[in-house]
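Listed below, chain by chain, are the residues.
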Amino acid sequence: MKRKVAVTGMGIVSSLGCSVEKFWNALTNGVSGVKTISQYNANGLPVRIAAEVRDCFKNGQNGAFYKFNKTLSMPFDRRTNFALAAAAQALKDAQINEELLTDANLYLGAGEGQNSVEMLSKLLVPCLTDENSCDEEKLFSNTDAGAFALHDQLMEATIPASAIAARYGICGEVMTSLTACAASAQAIGEATRRIQTGECEIALAGGTHTMTAPLDVLGFAMLSALSKNVGEPEKVSRPFDLNRDGFVLGEGAGMLVLEDYEHAKSRGVSIFAEIIGYGASSDAYRVTDMHPEARGAVSAIESALNDAGIEPREVGYVNAHGTSTIENDRAETRALHKVFGKFAPEIPVSSIKSMTGHAVAAAGVIEMIATIIALREQILPPTINLETPDPECDLDYVPNRARAHYFNVALSNSFGFGGQNIALLVRKGEA
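Summarised in this report is the structure supplied together with it. Since the structure is predicted, the reported quantities are computational estimates derived from the model, not experimental observations. (Residues numbered from 1 in each chain as written. Predicted model: local features only at pLDDT ≥ 70, side-chain atom pairs only at ≥ 80, totals over all residues. Heavy atoms only, no water.)

1. Regarding the packing of aromatic side chains
In total, this model carries three aromatic pairs according to the counting rule given. On the numbers, 5.6 Å between centres and 70° between planes, the contact of Phe 220 with Phe 247 is edge-to-face. Residue Phe 220 is located in helix H9 (residues 214–222), and its partner Phe 247 is located in the loop between H9 and strand E7 (251–260); the two are separated by 27 residues in the primary sequence. Phe 220 sits in the buried class, given a relative accessible area of 12%. With a centroid separation of 4.0 Å and 10° between ring planes, the pair formed by Phe 240 and Tyr 397 is classed as stacked. Of this pair, Phe 240 sits in the loop between H9 and E7 while Tyr 397 is found in the loop between strand E11 (379–380) and strand E12 (403–404), placing the two residues 157 residues apart along the sequence. What makes Phe 240 buried here is its relative accessible area of 1%. Sitting above the plane of the Tyr 168 ring, Arg 167 keeps its charged end 4.6 Å from the centroid. (Phe/Tyr/Trp six-rings, centres within 6.5 Å; stacked < 30°, edge-to-face > 60°. Helix = DSSP H or I, 4+ residues; strand = E, 2+ residues; numbered from the N terminus. Buried < 20%, exposed > 50% of the residue type's maximum accessible area, 1.4 Å probe, protein only. Lys NZ or Arg CZ within 6 Å of the ring centre and 35° of its normal.)

Right, here's the structure in full:
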């Protein structure tokens, strides 16, 4: 018998706000978090917009006030501070004290930290010789070398999870998922599995990422993945629209407290939702493209349905991966037609990336939080900027305005670079 998995806490840091309430209010009002990049002068880049986290931290955008370890000589980077902030919110929401966390597990989707190119350049340039080689003795005698070494280690993808575990004394299994755009959805799925099988009672699961630095923007732009539209930033991300031309990079973090259902009931806390299905697959196709027939997406969704033990007709809403690229939006639409058949046109589908941009490793959990609140409130967040429907994207994408809708089960899709696919099914809770 699989145990039931309850969601008892949520926390978020996003371009739409750094609380669940602000985030949801922005979504239902169709507010876009996409603006001109503010962290640096992006005028020399082919893309100059992103969905950045703004105005969320007291001591500047890096949120250094979340630093807790006095032995560190510098604050954590943005994505680690985002993760710590989201975790603090989620644990408070779930009324979890640190004693309960000793035996808890932690699963986090993450990527590398903001690049170290600037610091590396400052260290290496003075140490170059006339032969364009490096004077290693001079480099290692540089008083900043130790700072760079620490900075470099703090950019590892595993650091956010380690920071959260150290902050709260989490001594159970701590795992970092490195599956690109599917990472935080996979983290939620793995946490769900451990609770279902009785390996743990409580797990903290989510993700964090920031890929809005210059090299990140330049790299994705060179792949022709980003929109190069230089018009009004808030109108650029337009999933399923005929005139879409690429996605918009975003950033942020989200965390969920997942708990054995009976354990949550015994604590008397609100149960916001129940995670009922988890499916994972690989396209085994290309690094940057989904399989044209969406075979991996279909497999993941069908696996989630089988895990949940429900029929396709029971799904009442789909929170789409919906990146605003030609390839993804059409392939995801094909996948939904294949899985849901005659029911597909009846199921509302929306993409909040039209408002949040693509938060990469954090996208799945941010979208899951939106899905859980949609279930609780019985309101669907819209796909904004959907003005001219793509004939090959022929489903109900909840265009431009939020919609009241009665439903009990929702699907959230996350499809990552490298062909990694995650599907999560969630049922309305008792809150």
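2. Comments concerning the pattern of salt bridges
Summed over the entire model, instances satisfying the criterion amount to 25 salt bridges. With a closest N to O distance of 3.1 Å, Arg 193 and Asp 307 form a salt bridge. Here Asp 307 lies in helix H11 (residues 295–308) and Arg 193 lies in helix H8 (residues 183–196), a separation of 114 residues in the sequence. Overall, the relative accessible area of 29% leaves Arg 193 in the partly exposed class. Residue Asp 307 is classed as buried on the basis of its relative accessible area of 15%. The partner of Arg 244 in a salt bridge is Asp 329, and the shortest N-O contact between them spans 2.9 Å. With Arg 244 in the loop between H9 and E7 and Asp 329 in helix H12 (residues 326–340), this pair connects stretches of sequence that are 85 residues apart. Of the two residues, Arg 244 and Asp 329, neither departs from the other in class, the shared state being buried. (Salt bridge = Lys/Arg side-chain N within 4 Å of Asp/Glu carboxyl O.)

3. Digging into the sheet that holds E7
Pairing within the open sheet is mixed, and its 10 strands lie in the order E5-E4-E6-E7-E1-E8-E14-E13-E9-E10. Only two strands of the sheet have a single partner each, and these edge strands are strand E5 (174–177) and strand E10 (349–350). Both strand E1 (residues 5–13) and E7 contribute to a ladder of eight bridges, which runs antiparallel. Its bridge partner being in E7, Ile 12 is matched across the sheet by Gly 254. Packed on one face of the sheet, helix H7 (residues 159–168) meets strand E4 (105–110), E5, strand E6 (202–210) and E7 and runs near 150° to E4. (Pairing = 2+ DSSP bridges. Contact = heavy atoms within 4.5 Å. Axes fitted to C-alpha atoms, helices over the stretch in contact; angles between N-to-C directions.)

4. Here we look at the packing of helix H1 (residues 20–28) against helix H14 (residues 363–377)
A pair of packed helices can be characterised by two numbers: the angle between their axes and the separation between those axes. One can describe the packing of H1 onto H14 by two numbers: an axis separation of 11 Å at closest approach and a directional angle of 80°. If you check the angle between H1 and H14, you find them roughly perpendicular. Across from Val 20, Phe 23, Trp 24 and Leu 27 in H1, the residues of H14 making contact are Ile 366, Ile 369, Ala 370, Ile 373, Ala 374 and Glu 377. Looking at the contact of H1 with H14 residue by residue, the class counts come to nine nonpolar, no polar and one charged. (Parallel < 35°, antiparallel > 145°, perpendicular 65-115°, else oblique. Nonpolar A, V, L, I, M, F, W, Y, C, P; charged D, E, K, R; others polar.)

5. With respect to the side chain of Asp 390
Assignment of secondary structure puts Asp 390 in the loop between E11 and E12. Here the side chain of Asp 390 touches Arg 244 through a polar contact of 3.1 Å, side chain to side chain. One polar contact links Asp 390 to Arg 330, side chain to side chain, over a distance of 2.9 Å. If we ignore the near neighbours within four places in the chain, the residues touching Asp 390 are Phe 240, Asp 241, Leu 242, Arg 244 and Arg 330. (Polar contact = N/O pair within 3.5 Å; in protein donor to acceptor, adjacent residues only side chain to side chain.)

Nothing here speaks to function; it is all geometry.
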